[in-house]
Amino acid sequence: MFLGVNIDHIAVLREARKINDPDPLDAVSLVKRAGADQITIHLREDRRHINDYDAKRIIENSQLPVNLECAMDEEIMKKVIELSPHRATIVPEKREEVTTEGGLDVMKNFNNLQTISKKLQKNGTEVSLFIDPNPRAIELSKDIGAQWIELHTGLYSNIYAMLFSNLSYTKHSIKELELPRIELKKLLEKALKELVESTAYANSLGLKVAAGHGLNYQNVKEICKINGIVELNIGQCIIARSVFTGFEKAVVDMLELIKQKNR
Ligand code: PXP
């Protein structure tokens with residue numbers, strides 16, 4: 001299983017002061033030195049963290065493949081064509097959200113996604129669609145012509161947090177998951193089962209499967225057991241840990257968890 005390290009939150013820290021440090025480009029060589037496999041960045045429409053200049057320098061200088069997350073927006077797509085990253089992961093985007101909530105509506109955006117997917121692939125960029133783990137979304141992703149899907153692990157991660165974290169903040173932020181433990185356990189099993197079945201189904205259709213969102217040093221272990229997921233994209237928890245341990249160590253700690261399976 002490969003690890004893509006999402007370095008957006010380094011730019012979040014920089015943007016808190018609107019100065020030059022920390023520079024997410026400095027993380028690129030450290031991700032490689034730690035032994036991870038890919039750099040992941042999200043060029044949001046509102047440029048709240050990674051900006052055009054970051055994306056350009058990271059793509060030009062990274063010795064690892066760069067996975068650029070982006071919305072279906074016309075202006076962003078022009079940029080992605082110009083930047084020509086190794087892979088583009090198309091994600092839904094709402095300006096008011098704190099982070100990407102839910103997967104793409106592949107049914108509603110089918111034609112647009114198909115056009116974008118063709119354009120990107122013609123330009124030499126692999127295409128991945130960030131979707132919720134359900135069979136219809138997987139079939140449509142295949143029909144759109146994407147080579148990859150990235151399964152949204154947000155629901156699994158939220159249920160896990162409700163069950164095993166006693167942070168009241170987490171609990172306040174997920175009202176619909178304020179349920180008795182027995183119910184949460186059932187929901188966690190169901191969410192995992194959906195990820196397992198979706199991976200197998202996508203693989204059977206010839207799609208490569210990545211997963212990500214909300215994964216951390218605790219909840220990643222169950223995800224690592226899923227056969228057929230070839231890559232995880234993880235960001236927030238690695239940057240959070242790096243405040244205390246240093247960035248390279250935080251990446252190595254995550255790699256140790258996810259590569260255990262391969263040893
Ligand atoms: N994958 C996708 C498609 C995402 O949008 C994000 C968040 O930017 C991640 C992975 C990483 O999520 P997290 O920061 O919660 O690890």
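Because the structure is a prediction, the values reported are computed rather than measured.

Chemist: Is there a simple way to think about the environment of L195 in this case?
Modeler: You can see L195 is positioned in helix α9 (residues 181–204). L195 sits 21 residues away from I174 along the chain, and the two C-alpha atoms are 20 Å apart.

Chemist: What is the right way to read the packing of helix α7 (residues 154–164) against α9 from this model?
Modeler: Packed helix pairs are specified by the crossing angle of their axes together with the interaxial distance, meaning the distance between the axes. At a minimum axis distance of 9 Å, the contact between α7 and α9 shows a crossing angle of 150 degrees. Relative to α9, α7 is oriented roughly antiparallel. Between α7 and α9 the crossing geometry is left-handed. Taking contact as the criterion, the partners of Y156, I159, Y160, M162, L163 and F164 in α7 are, on α9, R181, L184, K185, L187, L188, A191, L192 and L195. For the contact of α7 with α9, the class distribution of residues is twelve nonpolar, no polar and two charged.

Chemist: It is not clear to me how the site of the ligand should be interpreted in this structure. Could you clarify?
Modeler: In the region of the ligand, 13 residues are neighbours, and E69, E150, G214, G235 and Q236 sit closest. A distance of 2.8 Å is found between an oxygen atom of the ligand and a backbone nitrogen or oxygen belonging to G235. A distance of 2.9 Å separates an oxygen atom of the ligand from a polar atom in the backbone of Q236. Isolated, the ligand exposes 400 Å² of accessible area, and the fraction of that covered by the protein chains is 94%. Here the residues of the shell around the ligand are counted per class, giving three nonpolar, seven polar and three charged.

Chemist: How should I be thinking about the packing of aromatic side chains in this particular structure?
Modeler: Think of a pair of aromatic rings as described by two things: how far the centres are apart, and how the planes are tilted against each other in angle. Tallying each qualifying case throughout the model produces two aromatic pairs. A centroid spacing of 5.9 Å and a plane angle of 50 degrees characterise the contact between Y156 and Y160, whose relative ring orientation is tilted. Taken together, the residues Y156 and Y160, both in helix α7 and four residues apart, mark about one turn of the helix. Taken together, a centroid distance of 4.7 Å and an interplanar angle of 55 degrees make the contact between Y160 and F164 tilted.

Chemist: Please explain the sheet that holds strand β2 (residues 38–42) as it appears in this structure.
Modeler: Strand-to-strand pairing in sheets goes through backbone hydrogen bonds, with the strands running parallel or antiparallel. With respect to topology, eight strands assemble into a closed barrel ordered β1-β2-β3-β4-β5-β6-β7-β8, the strand pairing being parallel. Mean inter-strand twist for the sheet, computed between neighbouring axes without regard to direction, equals 25 degrees.

Chemist: So what exactly am I meant to see when it comes to helix α1 (residues 8–15) here?
Modeler: Because the α-helix completes a turn every 3.6 residues, residues three or four places apart line up on one side. Along α1, the positions that sit buried rather than exposed are D8, I10, A11, R14 and E15. End-on view of α1: buried residues confined to an arc of 160 degrees, all on one side of the axis. Buried residues belonging to α1 abut β1 (2–6), α2 (25–34), β2, α3 (52–61), α11 (236–245) and α12 (247–259).

Chemist: Even after reading the chapter, I still don't get the pattern of salt bridges, so can you show me in this structure?
Modeler: Think of it this way: side chains of opposite charge can pair up when their charged atoms draw near. On inspection of all chains with the given rule, the structure shows 23 salt bridges. Between K259 and D37 there is a salt bridge, and its shortest N-O distance comes to 3.0 Å. Linking K259 in helix α12 with D37 in the loop between α2 and β2, this pair joins segments that are 222 residues apart in sequence. A cluster of three or more residues bridged by salt bridges with shared partners is formed by R14, E15, K18, D23, D54 and R57.

Chemist: Looking at this model, I keep getting lost on the packing of helix α6 (residues 135–144) against α9. Mind explaining?
Modeler: Running from N to C, α6 and α9 point in directions that differ by 25 degrees, and their axes come no closer than 10 Å. Regarding the angle of α6 to α9, the classification is roughly parallel. Remark: the crossing between α6 and α9 carries right-handed chirality. Two secondary-structure elements touch here, α6 through P135, I138 and E139 and α9 through S198, Y201 and A202. Across the contact of α6 with α9, the residue classes break down as four nonpolar, one polar and one charged.

Criteria and thresholds
Residues numbered from 1 in each chain as written. Predicted model: local features only at pLDDT ≥ 70, side-chain atom pairs only at ≥ 80, totals over all residues. Heavy atoms only, no water. Helix = DSSP H or I, 4+ residues; strand = E, 2+ residues; numbered from the N terminus. Axes fitted to C-alpha atoms, helices over the stretch in contact; angles between N-to-C directions. Parallel < 35°, antiparallel > 145°, perpendicular 65-115°, else oblique. Left-handed = near helix turned anticlockwise from the far one by under 90°. Contact = heavy atoms within 4.5 Å. Nonpolar A, V, L, I, M, F, W, Y, C, P; charged D, E, K, R; others polar. Near = heavy atom within 4 Å. Polar contact = N/O pair within 3.5 Å; in protein donor to acceptor, adjacent residues only side chain to side chain. Areas by Shrake-Rupley, 256 points an atom, 1.4 Å probe, with all protein chains shown as cover. Phe/Tyr/Trp six-rings, centres within 6.5 Å; stacked < 30°, edge-to-face > 60°. Pairing = 2+ DSSP bridges. Buried < 20%, exposed > 50% of the residue type's maximum accessible area, 1.4 Å probe, protein only. Arc of directions from axis to C-beta. Salt bridge = Lys/Arg side-chain N within 4 Å of Asp/Glu carboxyl O.

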